[in-house]
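Take a look at the letters that make up each chain.
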Amino acid sequence: MKIIVLGAGAWGTALALSVSDRHQVTLWARSAEQLAALRADRSNLRYLPGPALPAELRLSGGPSEPIAEAIAGQDLIVMATPLSAARSMLHSLRDATVPVAWLSKGFEAPVSNIPNARPFGLMVHEILAQVAPNLRAGVLSGPSFALEVARGQPTALVAASDSAEVRDALVSAFHGPNLRVYANDDIIGAEVGGAVKNVLAIATGLCDGLHLGLNARAALITRGLAEMMRLGVALGARAETFTGLSGLGDLVLTATGDLSRNRKVGLQLAEGKTLAQAIESLGHVAEGVYCAHTVVQRARLLDLDMPISEAVVELLEGRVSAHDVVSLLMEREPKNEMV
Ligand SMILES: NC(=O)C1=CN([C@@H]2O[C@H](COP(=O)(O)OP(=O)(O)OC[C@H]3O[C@@H](n4cnc5c(N)ncnc54)[C@H](O)[C@@H]3O)[C@@H](O)[C@H]2O)C=CC1
Ligand SMILES: O=C(CO)COP(=O)(O)O
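If you check an unreviewed UniProt entry, the protein chain appears there as Glycerol-3-phosphate dehydrogenase [NAD(P)+] from Polaromonas vacuolata. Per UniProt, the comment on the protein chain under Subcellular location (unreviewed entry) is "Cytoplasm". Recorded in UniProt under Sequence similarities (unreviewed entry), the annotation for the protein chain is "Belongs to the NAD-dependent glycerol-3-phosphate dehydrogenase family."

The next point concerns the site of ligand 2. Near ligand 2 you find 13 residues, and of these S144, T254, S260, R261 and N262 are the closest. Taken together, the elements giving at least two residues each to the shell around ligand 2 come down to α8 (187–209), α10 (245–256) and α11 (261–270). Sort the elements by how many residues they give to the shell around ligand 2 and α10 lands first, with three residues. Built from parts of two domains, the shell around ligand 2 gets at least three residues from each of domain 1 (2–185) and domain 2 (189–331).

Viewed as axis vectors pointing N to C, α8 and helix α14 (residues 307–316) meet at an angle of 70°, and their least axial separation amounts to 9 Å. By the angle between their directions, the pair α8 and α14 is classed as roughly perpendicular. Residue-level contacts link V199, L200, I202 and A203 of α8 to I308, S309, A311 and V312 of α14. A class-by-class count of the residues in the contact of α8 with α14 yields seven nonpolar, one polar and no charged.

Our next topic: helix α9 (residues 214–234). The end-to-end C-alpha distance of α9, which contains 21 residues, comes to 30 Å, matching closely the 30 Å that a straight helix rising 1.5 Å per residue would cover. Burial in α9 covers these residues: L220, I221, G224, L225, E227, M228, M229, R230, L231 and G232. If you follow the buried residues of α9, they end up packed against α8, α10, α13 (287–301) and α14. Following α9 by one or two positions, G236 has its phi on the positive side, about 110°.

Taken together, 24 residues lie near ligand 1, and G9, W11, A85, S104 and H284 sit nearest. Broken down by element, the residue count for the shell around ligand 1 peaks at three residues, all from helix α1 (residues 10–18). Counted by class, the shell around ligand 1 contains twelve nonpolar, nine polar and three charged residues. A domain split of the shell around ligand 1 shows at least three residues from each of domain 1 (2–185) and domain 2 (189–331).

Splitting the protein chain by domain gives domain 1 (2–185) and domain 2 (189–331). Between the C-alpha centres of domain 1 and domain 2 there is a distance of 24 Å. Taken residue by residue, the interface counts 28 residues in domain 1 and 24 residues in domain 2. Where the side of domain 1 that touches domain 2 is concerned, the elements lending two or more residues are α5 (124–131), β8 (137–141), β9 (155–160) and β10 (179–184). With four residues, the single largest contributor to the side of domain 1 that touches domain 2 is β9. Of the residues belonging to the side of domain 1 that touches domain 2, the class tally is 19 nonpolar, eight polar and one charged.

With that out of the way, let us pick up the pairing of β10. Where β9 and β10 come together, six bridges link them in parallel fashion. Following the sheet pairing, V158 is matched in β10 by Y182. On the question of chirality, the crossover connecting β9 to the parallel β10 by way of helix α7 (residues 164–174) is right-handed.

This next bit is on the environment of L225. For L225, the position within the fold is in helix α9. Under the C-beta neighbour-count criterion, L225 is labelled buried, with 21 such atoms within 10 Å. The spatial distance from the C-alpha of L225 to the C-alpha of L248 is 6.8 Å, given a sequence separation of 23 residues. Sequence-distant contacts of L225, defined by excluding residues within four places in its chain, comprise F242, L248 and L251.

So, how was this worked out
- Residues numbered from 1 in each chain as written.
- Chains lettered and ligands numbered in written order.
- Predicted model: local features only at pLDDT ≥ 70, side-chain atom pairs only at ≥ 80, totals over all residues.
- UniProt positions renumbered as here; feature names shortened; annotations may be inferred.
- Near = placed C-beta within 6 Å.
- Helix = DSSP H or I, 4+ residues; strand = E, 2+ residues; numbered from the N terminus.
- Domains from an automatic or database assignment.
- Axes fitted to C-alpha atoms, helices over the stretch in contact; angles between N-to-C directions.
- Parallel < 35°, antiparallel > 145°, perpendicular 65-115°, else oblique.
- Contact = placed C-beta atoms within 7 Å.
- Nonpolar A, V, L, I, M, F, W, Y, C, P; charged D, E, K, R; others polar.
- Expected span 1.5 Å × (residues − 1).
- Buried ≥ 20, exposed ≤ 12 C-beta atoms within 10 Å, placed from the backbone.
- Pairing = 2+ DSSP bridges.
- Right-handed = clockwise from strand over helix to strand, strands pointing away.

Written out as structure tokens, the structure is:
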């Protein structure tokens, strides 16, 4: 199979190199500088230091090879950019005739300069319906730190799409000895899980950075899962998807794993760093920072209670301090668990 991965950050690089022994894989970098560095180093020192790029992995990109040229003749196109690039990338791919998958996990920031745009941020499948309705596409999600996948450590993913052809293409492309890829037709559930777990990982990082203890962390993960499920079901997802890889699976990984950038943001805010300092020190995207506001905004429009996500927004937007977030959550009125 010929696969092109558009975007040479940590995750695109890891996924591309992990299957380059079995497929003809091209990793496409946006800028000429990034492409030159990948070619010179045969490693992605900026975004994924450590793993070498296998000799079989093809490298392309930069202005001399725009997306339209790069995707010609490919069997599968993978968008490996942050969510903020999804709209423009889907626009460039709108006439593609082969399956397309995206890896980003989040909600877009609200777009105000698009005629008839909804007044709240969208998930990628909703952007797809606006800008590329004829594309056959889906998301590849689930608990997967890039570095572990690049090292060949066992990982399970979920390929979610309403198109069986797209699900099958993703399983054929990525299922193998180190990666298990499960199919799911609940794309809403997969996208809500992937986005909300990033917001919750900021909360859990904060909790651990403040040394609140393991009881508090377990409570945050469990009540966070309830929030994720509440929003997802209200948006049209199936409840059971949230007990799967893109829900509970990715929430546990991101909330507890120190490789998580979102968790690191919470840990650094607990240390007294500013949000700008935390973002600067990462050098990678932490999607929870950019989608927390939208998660809460969409929940409010649906009249849903998401207190942990609300507390993260209060913190990120500077209205409460790290220490006050705890009282914000603990001093709430008692309520029934299963509502
Ligand atoms: N790193 C990880 O372990 C995982 C990340 N993800 C998700 O995948 C997405 C990408 O994450 P990472 O690769 O880790 O981010 P990263 O911060 O390591 O790299 C982002 C890459 O996207 C490129 N980029 C940005 N805008 C672009 C555009 N318009 N066109 C082409 N390239 C562009 C940047 O140059 C950079 O190479 C995020 O939404 C993240 O939540 C999902 C699973 C695992
Ligand atoms: O999505 C991820 C793992 O599944 C990566 O999480 P972070 O973006 O928080 O590093």
